[in-house]
Amino acid sequence: MKVEFDEPKCVAAGQCVMVAPDLFDQRDEDGVAIVLDDSPSPDQYDEAREAAAVCPAAAIRLVEG
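My aim in this report is to walk through the structure given alongside it, one point at a time.

What counts as what
- Residues numbered from 1 in each chain as written.
- Predicted model: local features only at pLDDT ≥ 70, side-chain atom pairs only at ≥ 80, totals over all residues.
- Heavy atoms only, no water.
- Helix = DSSP H or I, 4+ residues; strand = E, 2+ residues; numbered from the N terminus.
- Rg over C-alpha atoms; globule rule 2.2 N^0.38 Å.
- Buried < 20%, exposed > 50% of the residue type's maximum accessible area, 1.4 Å probe, protein only.
- Contact = heavy atoms within 4.5 Å.
- Areas by Shrake-Rupley, 256 points an atom, 1.4 Å probe, with all protein chains shown as cover.
- Lys, Arg positive; Asp, Glu negative; His and termini not counted.
- Charge placed at Lys NZ, Arg CZ, Asp CG, Glu CD.
- Core = buried A, V, L, I, M, F, W, Y, C linked by side-chain atoms within 4.5 Å.
- Disulfide = S-S within 2.5 Å.

**Some remarks on the overall build of the chain**
Next up, step 1: Across its full length, the chain carries 2 helices and 4 strands.
Next up, step 2: Of the regular secondary structure in the chain, the N- to C-terminal order runs β-α-β-β-α-β.
Next up, step 3: A compact globule built from 65 residues would reach a C-alpha radius of gyration of about 11 Å, and the chain, at 10 Å, matches this within 12%.
Next up, step 4: C-alpha atoms of the chain, sized along the principal axes, occupy 30 × 20 × 15 Å.
Next up, step 5: Counting all 65 residues of the chain, 31% fall into the buried class.
Next up, step 6: Long-range contacts, defined here as pairs at least 24 residues apart, represent 55% of the contacts in the chain between residues at least 6 apart.
Next up, step 7: Carbon and sulfur atoms make up 47% of the accessible area of the chain, which totals about 3800 Å².
Next up, step 8: Separation of charge centres in the chain, based on 5 positive and 15 negative side chains, amounts to 8 Å.

Printed below as a string of C-alpha cells:
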C-alpha cells in the first residue's frame with residue numbers, strides 16, 4: 001500500500017491524525033496534515049483506510065497492490 005496525499009486539498013481538520021497518528025501529523029503553523037509514513041506496514045492498513053475514509057476533503061488516496 002502507498003499513501004498519496006494532496007496537500008492543497010487538506011482543510012486541516014485533523015481527522016487523519018486522530019485515527020492514524022503513526023501515519024499522519026499536522027504542521028504547527030497551519031494545521032495542514034503531513035504524511036509521516038507513505039508506505040505503511042500491513043498492520044497499519046486498516047488505520048490508513050480509515051484515515052482516507054474520514055478525510056473531509058478527500059485529500060488522502062491509497063494505492064493498494
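**So, the nonpolar core**
Next up, step 1: Among the nonpolar cores identified, the biggest contains 16 residues, and Cys16, Ala20, Leu23, Phe24, Ala51, Cys55 and Ile60 are the most heavily contacted of them.
Next up, step 2: At the level of elements, helix H1 (15-19) and helix H2 (45-54) are the ones that each hand at least two residues to this core.

**Considering the state of the cysteines**
Next up, step 1: Tallying each qualifying case throughout the model produces 0 disulfides.
Next up, step 2: No disulfide involves Cys10; its sulfur sits 6.4 Å from that of Cys16, the nearest cysteine.
Next up, step 3: Using a relative accessible area of 17% as the deciding quantity, one classes Cys10 as buried.

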